[in-house]
Structures are given as structure tokens and as C-alpha cells.
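# Examining the three-dimensional arrangement
What follows is each chain in one-letter form.
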Amino acid sequence: MEIEIKTFSLHHLEVSSNEAKKIDIDFKTETIADYALSLIDEILESPNKRHFEFKSGDTEIKNSIPKIIADSKNIEEVLLNNAKRLLEKEVAADNKIKHLGVKVQRGSLLHIHFQQNGNDNLLICKVEHDEIINEQSFEINRGLNTRKKVFKAFLIYLANETRNQEIYLSDKNNSKYWWDDFLELSQVNTDEENTENSLNKIIRIIDKEKNKNEFGLDGSLLRNNIVGYYKTNTDFNFSEVYDIVTNYKPLNTKFPVDTILSKFDKLKEDKSFDKQFPIVQKRVDKKIITNIPLGKGLFLKIEKHVPNLNEIIKPYHGESGEVGITIISDQAYRYVKILNK
């Protein structure tokens, strides 16, 4: 992947004084170039992005992009205007949420125009910008945080003869002031579509293994963990769901975790759902029910997420070689005890 940085521009947003200040940086120095390339790699490689498109008509950020790509003679004014626009939206957002005792996270606005294999792309990020005290002069200096690089990122692949324009956002908080007010974008997939499509496809992968007799219990436990993620989180993040599978410790050592992960890798390119979005609970509930076959006409039905399911349902190996399932439940014990009187 050959990347060439064409433009690197940083503006610090002073919310207290309502001022956007350009920070003079030579992006051709080795340190800044390394920072920029690692940031680009981080955004490009992360699966946790959401597909957007520009709202119809002329909008400010959309209109600024051709000027930035062309490196027009007034590019500095264009970049500053974008920074001022974000500052204006942050101040307005602060006023909306001040009654909650919180503020919009502070940072700086970074523009990077880069070419990848000759194709033009633009990255607009809100990045962490630290203040440190110089040990010799005791003056406050500002610098880019190399460990916590990005709060929010807008990535646009510009259209050309070989590809269509595509826009992706990475923002775990899904901040409306960023994508709606500042960038003036529309979501390609709704939250409802994202929730239902992602859960359907993820569960389908798990169920394919769960339906094999030898993996039924492991499949049910992993399925329960996935549904539990949806039920206990407000936002979906593909990497976190991927980690659930990666960290799962199967009861049957032959349970094909690697096969499931390889299918998850293919889901990263699936455009029917985004890899980061707010979860809509009403779309989750109908996928909770699962049945564990116990014998002909006999099933164990799980109707909702059970946080400690692996502690309640366990495999059983008898001394005489018989196998089965153990259910640790006071209520089930009392019921079965009555049946056997």
C-alpha cells in the first residue's frame, strides 16, 4: 500500500476563547510523517467504521473538498473555515448539554490529503492535542498525542475512473454534532437495519456450528454471549464482538473457533451493516430464543440472555461412560424432584 501525503493541516480549537488557531507543522519531517502514516493506517485498517453519504445540495464541508484536493490558492482559508465551522458546532453542542454537567471532548482538527496507489483520499480527524510544560523554559507547549490519536474520523475516497466515491466515519460515540451538524452527512444504513442485519449474519455463522450435535452446547453458549453483548451495550463495535469469539474457551476442544473467526473476517467487507452503530433493542429481542436439543421431541429453550449460562449448563460424563447435560437450577431441581416422587 503506497501512501503519499499531499496536505497536512492542524488547527487547535480554543473553545474558551471561541478561536481556531492554525498550528504550523512541517509534515515532511520524519516525526510528523510517521505520525501521519500511522494515523492513516489506523483508520484504514480499523473495521469499526460507518458508511455515510453527503446530504443533497451544496454543503460547506462537501464544497471544501475539491479545493483541498486541488491545493487551490486559498486553501489555507478553506481549511481555517472548516476549523471555525467545527468550533461553532462544538460551542453549540456544549450549550445543549451543559445542564448535564458535561462538555464536548476537546481536541484539534486535522486535515490530511493523501494518495493511495495514485488515488485521492481525504481524512478529516478530531485528534487529541496535549499541553505539556517545557522543563527548561517552563512554557506551555502543545503537541500531538501519539498514543491516543483519534476521537473522530471522516474518510472519503474520491471518485475516479476506477471507483465510486465512498465516505466512512469512525466515532465510537456516534456524535451527531460531528456527522450531522459539522459534516452534514446522512447515514446509509439506519440503526434498525444495522442491528438486525448484523445480528442475523453473526448468529447465522454461530448457528451453523451450533446445529452440529457435537458443538451444540458450545454454539449455544457462544450465541448467548453474542446476544448478551447486544443486550448489555448501547453501541455496536465490530472489534468487540470479534474479541468475544477470540476469547471464547470452548468446552469441546474441537469447536471451530478459527473457522468462525475466518467468516467474521469476511463480514468486515459486508456492506449490509456498518461496523459501528447504536444498537436498537427491539431488533435484538426476536433473536434471543434458542433451543438446545435434549432428545427426540425434547428441547431446552433459552428465551433471554443469561449472563452466567456456562455456570448453569454443563456437560456431564458419567463413570460408566454415559454422557449428558447438567443443569444447575434450584427451580429445575424442585420440579424434577416432584416428577420423580
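Please refer to the structure placed before this passage.
Criteria and thresholds
Residues numbered from 1 in each chain as written. Predicted model: local features only at pLDDT ≥ 70, side-chain atom pairs only at ≥ 80, totals over all residues. Heavy atoms only, no water. Helix = DSSP H or I, 4+ residues; strand = E, 2+ residues; numbered from the N terminus. Buried < 20%, exposed > 50% of the residue type's maximum accessible area, 1.4 Å probe, protein only. Contact = heavy atoms within 4.5 Å. Areas by Shrake-Rupley, 256 points an atom, 1.4 Å probe, with all protein chains shown as cover. Axes fitted to C-alpha atoms, helices over the stretch in contact; angles between N-to-C directions. Parallel < 35°, antiparallel > 145°, perpendicular 65-115°, else oblique. Left-handed = near helix turned anticlockwise from the far one by under 90°. Nonpolar A, V, L, I, M, F, W, Y, C, P; charged D, E, K, R; others polar. Core = buried A, V, L, I, M, F, W, Y, C linked by side-chain atoms within 4.5 Å. Pairing = 2+ DSSP bridges. Lys, Arg positive; Asp, Glu negative; His and termini not counted. Salt bridge = Lys/Arg side-chain N within 4 Å of Asp/Glu carboxyl O.

## Here's the deal with the overall build of the chain
Of regular secondary structure, the chain possesses ten helices and 16 strands. Relative to its full complement of 341 residues, the chain shows a buried share of 45%. A fraction of 65% describes how many contacts in the chain between residues 6 or more apart in sequence connect residues 24 or more apart. Of the roughly 19,300 Å² that the chain leaves accessible, carbon and sulfur atoms contribute 48%.

## A closer look at the packing of helix H5 (residues 191-210) against helix H6 (residues 216-232)
The N-to-C vectors of H5 and H6 enclose an angle of 165°; their axes lie 8 Å apart at closest approach. By the criterion of interaxial angle, the relationship of H5 to H6 is roughly antiparallel. The chirality of how H5 crosses H6 is right-handed. Counted together, Thr-195, Ser-198, Leu-199, Ile-202, Ile-203, Ile-206, Asp-207 and Lys-210 of H5 and Gly-216, Gly-219, Ser-220, Leu-222, Arg-223, Ile-226, Val-227 and Tyr-230 of H6 form the full contact between these two elements. Of the residues contributing to the contact of H5 with H6, the split by class is eight nonpolar, five polar and three charged.

## A word on the nonpolar core
One finds Ile-202, Ile-226, Tyr-230, Phe-236, Val-245, Ile-260 and Phe-264 to be the most contacted residues of the largest nonpolar core, which totals 31 residues. For this core, the element with the most residues is H6, which contributes seven residues. In contact with Val-245, not counting residues within four places along its chain, are Leu-222, Ile-226, Val-257, Ile-260, Leu-261 and Phe-264. Judged by nonpolar contacts, the second largest core, of 30 residues, contains Ile-65, Ala-93, Trp-178 and Phe-182.

## Structural notes on the pairing of strand E1 (residues 3-14)
Among the twelve residues that make up E1, ten are buried, leaving the element largely enclosed by the rest of the structure. For E1 and strand E4 (residues 108-116), the ladder comprises nine bridges, and the chain directions are antiparallel. Of the residues in E4, the one forming a bridge with Thr-7 is His-113.

## Looking at the packing of H5 against helix H8 (residues 257-267)
When two helices pack together, their arrangement is given by the angle between the helix axes and by the axis-to-axis distance. Remark: H5 packs on H8, axes separated minimally by 10 Å, with the N-to-C direction vectors making an angle of 160°. In this view, H5 runs roughly antiparallel relative to H8, as classed from their interaxial angle. Considering only the axes of H5 and H8, their crossing is right-handed. Listed contacts from H8 to Lys-201, Ile-202, Ile-205, Ile-206, Lys-208 and Glu-209 of H5 are Thr-259, Ile-260, Lys-263, Phe-264 and Leu-267. Grouping the constituent residues of the contact of H5 with H8 by class yields six nonpolar, one polar and four charged.

## As for the side chain of Asp-218
With respect to the element layout, Asp-218 can be found in helix H6. Lys-254 provides the closest opposite charge to the buried, unpaired Asp-218, separated from it by 12 Å.

By themselves, these are just geometric observations and shouldn't be taken as functional.
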